[in-house]
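# Topology and contacts: notes
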Amino acid sequence: ESLSHFLTKWYSVKSLWGDLRQRHPMKYQSMLDKRLKSLIGRKQDIASVLYGCSPPLTSQDDWKAIVPSKTLFVAGGLDKKYSSVGRTWEEMRGIAKYIEIANAGHALLVEEPQKVSSIISGFVNDETIEEDKNAMDIIQTTVNAPMSLKTSSTLIA
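We now turn to the structure provided with this report.

### Considerations on the overall build of the protein chain
Counting its regular elements, the protein chain contains nine helices and two strands. Starting at the N terminus and walking to the C terminus, you meet the elements of the protein chain as α-α-α-α-α-β-α-β-α-α-α. Within the protein chain, buried positions represent 22% of all 157 residues. Excluding contacts between residues fewer than 6 apart, the proportion of contacts in the protein chain whose partners are at least 24 apart in sequence is 62%. Roughly 11300 Å² of accessible area belongs to the protein chain as shown, and the carbon and sulfur atoms make up 60% of that amount.

As structure tokens, this is what we get:
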């Protein structure tokens, strides 16, 4: 009962979920039912995860592996917190790309799974194309380089 109450209140936070219940009642109920079913026997796990994920308790080391030039940030326009973070990072040129999905909140994979999939696929494909282009530039440089550079360039490529 209390977990159901907590989830209902949590998913009612308009600044995060953007009226998901009113905009997509069937998706909302399905998401709520799945969450409740999966979490019902895991109260201690949930408490541990929430405790471990609290921002003041996480280490800045968690972010050291992030490569900003290869980072895609996607947020729903109705998710005030994360859309603001995404716009700020984009303005700072701290990430490769920020995409905001209009009329969606925090539950992007529930509300707009096809859009999210297309966005990620497009980003990954663009990165792959860029990496392939860079590899072709190296190969082209190798082919056109003087003989003394061909061997070392070929080994690098």
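Resuming the write-up.
### Looking at unusual backbone geometry
Non-glycine residue D19 carries a positive phi angle of around 55 degrees. Here D19 lies in the loop between α2 (14-17) and α3 (20-23). Unlike most non-glycine residues, N103 shows phi in positive territory, near 55 degrees. Along the chain, N103 turns up in the loop between β2 (97-101) and α7 (108-111).

### Here's the deal with the nonpolar core
Nonpolar side chains in soluble globular proteins tend to be buried together. Counting 11 residues, the largest nonpolar core is built from L3, L7, Y11, L16, W17, L20, Y28, M31, L32, L39 and A107. Elements supplying a minimum of two residues to this core: α1 (2-10), α2 and α4 (25-39). The biggest single contributor to this core is α4, with four residues. Other than its neighbours up to four places away in sequence, Y11 contacts W17, Y28, M31, L32 and R35. In this structure, I101, L108, V116 and I119 belong to the second largest nonpolar core, which totals five residues.

The rules we used
Residues numbered from 1 in each chain as written. Predicted model: local features only at pLDDT ≥ 70, side-chain atom pairs only at ≥ 80, totals over all residues. Heavy atoms only, no water. Helix = DSSP H or I, 4+ residues; strand = E, 2+ residues; numbered from the N terminus. Buried < 20%, exposed > 50% of the residue type's maximum accessible area, 1.4 Å probe, protein only. Contact = heavy atoms within 4.5 Å. Areas by Shrake-Rupley, 256 points an atom, 1.4 Å probe, with all protein chains shown as cover. Core = buried A, V, L, I, M, F, W, Y, C linked by side-chain atoms within 4.5 Å.

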